[in-house]
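# Summary of structural features
Each chain is listed here by its residues.
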Amino acid sequence: MALQFEHTDRFLKETRLYEPDDSTVSRANITAYMRSKGFSTWDELYRWSVANPEEFWSEMARELEWMKPWKTVRRWEPPYVQWFVGAQCNIVHNALDRHMRTPVRNKVAFYWEGEDGARRTLSYADLYQEVNRAASALSKLGITKGDRVIIYLPRIPEQIISMLAVARLGAVHSVVYSAFSAPALRDRINDAQAKAVIACDGYYYQGKLVERKSVVDEALRDNDTVEHVIVVRRTGTDIPWQAGRDVDWAELVASGADRHPVEPVDSEHPLFILYTSGTTGKPKGVVHTHGGYMVGVYTTARFVFDVQPDDIFWCTADPGWVTGHSYIVYGPLINGVTSVFYEGAPTYPDPGRFWSIVQRYGVTIFYTAPTAIRGLMRHGDQWPAQYDLSSLRLLGSVGEPINPEAWVWYREKIGRGQVPIMDTWWQTETGSILITPTPITPLKPGSATRPFLGIEADVVDRSGQPVDANRGGYLVIKQPWPSMMRTIFNDPKRYEVYWNTIPGMYFAGDAAHKDEDGYFWIQGRVDDVISVSGYRLGSMEIESALVGHPAVAEAAVIGKPHPVKGESIKAFVILRKGYDAGEALVSELKQFIRQNIGPIAVPDDIQVVDSLPKTRSGKIMRRLLKAQELGLPIGDVSTLEE
Ligand code: WTA
């Protein structure tokens, strides 16, 4: 990854400080933990945790159940790490089986609500039953330890059930976001060399039926690894069916046994592959393991979201992204918490939908993305004002920097002017939250505050030297942590880049600065990843799709600041001879991207140009386009060809 980011120092200073109230502090899980360790301040606890990370993390790990204990807490052979070496476990045992012996058994695991108003309540015992049957049925189909299974489902209970069933067998799930189109799905199926795909006939979003089965069929043309497509009937519409390959989910699961033993796996055994955009066209298959990931999500859900026995937790993400993996599925379940799981759009049938759900279920902890907050904010205060939001006691934000204006609105209009906001910084690669407040942290709007326990973060220059307070630099993590990715599937070189760009440190790809109180202010990506509504898209992936259209000779794509989505996409295209630049072509190209990647990748603006700035080696200088577009200084142009 080329470091082209120029220092951006801080000019605008946010001076508001929100102290936590006494009742929040006194009931917080983190307070109890701090006292149990004999510390009286967060700073003391934090300093102890980073001086003794193995002690801290193994203490957390011991609260969970392992089938065989570890011999070594951490084996660090940079850039590769192993945690809880020699141990055997299975994350699903800790998410489900463990609770069958406690009162959690009869608690609600998920209140599911469909966009159409359908409802389903699953207790921990129900979920356990469903997951056992599904695991048994999948194992009869031949799915076994280490096999990769693609899960291409919308936010319905079967999405969670199938993740847990696959993991129960020691197989590896790879969840693909349900709105991705056939080519994006195909790339992921092929890269993972998947043995099965779990999909659906279709689903409802924004009131519209979204057909899925033919997308799967198209993605599987010429595929020779997938043996079965298991189809959940969500809509009941007529769909194409390939006898022998296609299997009906309901029939399959009905054939499963009531109990299917959980497969003990090595602590370092892969749990999932989750694809995320990189700077080159091919998405990166981020690999996470059972042991370390389990400890990371358990610990952060407990101390950051402060989950307690009577909480109703709602993370609005999709398990197609890492936030859903960690804070809809694994983190809450391991903690035995009750969650809400909603299928649809935030604004369907009107912009009060989220708040009506908060009121109906008495949600106490609500975790969403700045893009959703800004979007709902735009619809006006009258929507949240119509609902009783008094159950809320903690709010969360993730996916992009949250601007102070949206932060304050969130606290005022959703949090009654008193509910603390956990602005959590982390990534697909980090597995769990790394920079974040806890309920006892004084908050500054727009800052993710400080590193979590056991996490040593800093802002440095290219050579790894810490920069001064309020100076821009690169956000790095200096020590490995349990839930970090272990590799990029089938591409260790791309993994190593994370640790050798700034030698000896994990470089996340984000720019940041730290203020004089040690608070971190994240500025965004330094590379060419565009973050639309919190979803990371590679410029190259969009460009290569554009060039796939017969009219397009060359394409360059940049992200532009956008008041609601964080960034919007602008594409520059050079046309092939014989094609006319006009409205019709532009809308055709947008449609083309929609079909080839998905709706979130559609550029807001497509401009036809005669040439593109390139380096001598032929790489498009997106940085230049961006500077021009935003009216910024052009900077170093020494590598420019023309
Ligand atoms: C950005 C999502 C500022 C950041 C969990 C990171 C954030 C990328 C925050 C990871 C935050 C995430 N403040 N920026 N609180 N949280 N980001 O892999 O640029 O989908 O590198 O993981 O989102 O996106 P990913």
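Residues numbered from 1 in each chain as written. Predicted model: local features only at pLDDT ≥ 70, side-chain atom pairs only at ≥ 80, totals over all residues. Heavy atoms only, no water.

A few words on the nonpolar core. Formed by 176 residues in total, the largest nonpolar core has its most connected members in Trp66, Phe84, Leu164 and Tyr330. The element best represented in this core is helix α6 (residues 124-140), accounting for nine residues. Built from parts of two domains, this core gets at least three residues from each of domain 1 (124-263) and domain 2 (529-630). Once you skip the residues sitting within four places of it in the chain, Trp66 turns out to touch Ala61, Phe84, Ala87, Gln88, Cys89, Ser267, Gly291, Met294 and Val295. Ranked by size, the runner-up nonpolar core spans 29 residues in total, among them Ile312, Val358, Leu395 and Ala406. (Core = buried A, V, L, I, M, F, W, Y, C linked by side-chain atoms within 4.5 Å. Buried < 20%, exposed > 50% of the residue type's maximum accessible area, 1.4 Å probe, protein only. Helix = DSSP H or I, 4+ residues; strand = E, 2+ residues; numbered from the N terminus. Domains from an automatic or database assignment. Contact = heavy atoms within 4.5 Å.)

As a further point, take the sheet that holds strand β25 (residues 520-525). Strand pairing in a sheet relies on backbone hydrogen bonds. The paired strands run either parallel or antiparallel. Reading across from one edge, β21-β22-β24-β25 is the order of the four strands in this open sheet, with antiparallel pairing throughout. Either end of the sheet is taken by a strand with one partner, and the two such strands are β21 (457-460) and β25. Averaged over all adjacent pairs, the angle separating strand axes in this sheet is 45°, with direction ignored. Here β21 runs beside strand β22 (residues 473-477); their pairing, made up of four bridges, is antiparallel. (Pairing = 2+ DSSP bridges. Axes fitted to C-alpha atoms, helices over the stretch in contact; angles between N-to-C directions.)

This part covers the pattern of salt bridges. Evaluated as defined, the whole model comprises 37 salt bridges. Put simply, Glu113 and Arg360 hold a salt bridge, and the shortest N to O gap is 2.6 Å. Of this pair, Glu113 sits in strand β4 (residues 108-113) while Arg360 sits in helix α13 (residues 353-361), placing them 247 residues apart in sequence. Classification of Glu113 by relative accessible area gives buried; the value is 2%. Of the charged contacts, one joins Asp306 and Arg393 as a salt bridge, the two residues approaching to 3.0 Å between their closest N and O atoms. In this pair, Asp306 is assigned in the loop between α11 (290-303) and β16 (312-315) and Arg393 in the loop between α15 (382-385) and β19 (394-398), connecting sequence segments 87 residues apart. (Salt bridge = Lys/Arg side-chain N within 4 Å of Asp/Glu carboxyl O.)

Turning next to α6. With 17 residues, α6 should reach 24 Å at 1.5 Å per residue; the first-to-last C-alpha distance of 24 Å fits that figure. Within α6 the residues assigned to the buried category are Tyr124, Ala125, Leu127, Tyr128, Val131, Asn132, Ala134, Ala135, Ser136, Ala137 and Leu138. Just downstream of α6, Gly142 is the residue with a positive phi angle, here 105°. (Expected span 1.5 Å × (residues − 1).)

Right, let's get into the environment of Ser533. Of note, Ser533 is situated in the loop between β26 (529-532) and β27 (535-538). C-alpha separation for the pair Ser533 and Tyr46, spaced 487 residues apart in sequence, amounts to 32 Å. The residues contacting Ser533, other than those within four sequence positions of it, are Thr371, Glu400 and Lys565. A polar side-chain atom of Ser533 sits 3.3 Å from a polar atom in the side chain of Thr371. (Polar contact = N/O pair within 3.5 Å; in protein donor to acceptor, adjacent residues only side chain to side chain.)

Right, let's get into the sheet that holds β4. Spatial ordering of the open sheet is given by β5-β4-β17-β16-β18-β19-β20, a layout of seven strands whose pairing is mixed. The open sheet is flanked by β5 (119-123) and β20 (421-424), the only strands paired with a single partner. Strand after strand, the sheet turns through a mean of 20° between neighbouring axes, direction not considered. Relative to β5, β4 is paired through five bridges, and the arrangement is antiparallel. Bridge pairing links Glu113 to Arg119 in β5. Its contacts with the sheet place helix α7 (residues 157-168) against β4, β5 and β17 (338-342), and it is angled at close to 30° to β5.

With that out of the way, let us pick up α11. If you check α11, its first and last C-alpha atoms are 20 Å apart, about what 14 residues at 1.5 Å a residue would give, namely 20 Å. Counted residue by residue, α11 has 14 buried out of 14 residues, so it is predominantly covered.

A few words on the packing of helix α2 (residues 29-36) against helix α3 (residues 42-51). Axis separation between α2 and α3 bottoms out at 10 Å; the angle between their running directions is 70°. Comparing the axis directions of α2 and α3 gives the class roughly perpendicular. Viewed along their axes, α2 and α3 form a crossing whose handedness is left-handed. Taking contact as the criterion, the partners of Ile30, Tyr33 and Met34 in α2 are, on α3, Trp42, Leu45 and Trp48. Residue composition of the contact of α2 with α3, by class: six nonpolar, no polar and no charged. (Parallel < 35°, antiparallel > 145°, perpendicular 65-115°, else oblique. Left-handed = near helix turned anticlockwise from the far one by under 90°. Nonpolar A, V, L, I, M, F, W, Y, C, P; charged D, E, K, R; others polar.)

Domain annotation for the chain reports domain 1 (124-263) and domain 2 (529-630). Taking only C-alpha atoms into account, the centre of domain 1 sits 33 Å from that of domain 2. With eight residues of domain 1 at the interface, the matching set in domain 2 holds eight residues. Interface area for domain 1 against domain 2, summed over the two sides, is near 530 Å², with a carbon-plus-sulfur share of 49%. It is Tyr177, Phe180 and Ser181 in domain 1 that bury the most area against domain 2; as a group they hold 53% of the surface buried on that side. Where domain 1 meets domain 2, there are zero salt bridges. Joining domain 1 to domain 2, the criterion identifies three residue pairs in polar contact (both at pLDDT 80 or more). Of the residues in the side of domain 1 that touches domain 2, the class split is six nonpolar, one polar and one charged. (Buried area = accessible area lost by both parts, 1.4 Å probe.)

This paragraph deals with the packing of aromatic side chains. In total, this model carries 37 aromatic pairs according to the counting rule given. Taking the centre distance of 5.3 Å and the plane angle of 50° together, the rings of Trp66 and Phe84 count as tilted. In this pair, Trp66 is assigned in the loop between α4 (53-61) and β1 (72-77) and Phe84 in strand β2 (residues 80-85), connecting sequence segments 18 residues apart. For the pair formed by Trp66 and Phe84, the shared burial category is buried. Ring geometry for Phe366 and Tyr410: centres 6.5 Å apart, planes at 65°, overall edge-to-face. In this pair, Phe366 sits in strand β18 (residues 365-368) while Tyr410 sits in helix α16 (residues 404-414), placing the two residues 44 residues apart along the sequence. Take Phe366 and Tyr410: they sit in the same class, and that class is buried. Taken together, the ring pairs in this structure connect Tyr33, Phe39, Trp48, Phe56, Trp57 and Phe303 into an aromatic cluster. Of note, Lys444 hangs over the ring of Tyr519, and the distance from its end group to the ring centre comes to 4.5 Å. (Phe/Tyr/Trp six-rings, centres within 6.5 Å; stacked < 30°, edge-to-face > 60°. Lys NZ or Arg CZ within 6 Å of the ring centre and 35° of its normal.)

In this section: the packing of α11 against helix α12 (residues 322-334). The contact between α11 and α12 brings their axes to 8 Å, and the two run at 85°. Compared by their axis directions, α11 and α12 come out roughly perpendicular. Packed against α11, whose contacting residues are Tyr293, Met294, Val297, Tyr298, Thr300 and Ala301, the element α12 presents His325, Ser326, Tyr327, Tyr330, Gly331 and Ile334 at the interface. Its residues assigned to classes, the contact of α11 with α12 comprises eight nonpolar, four polar and no charged.

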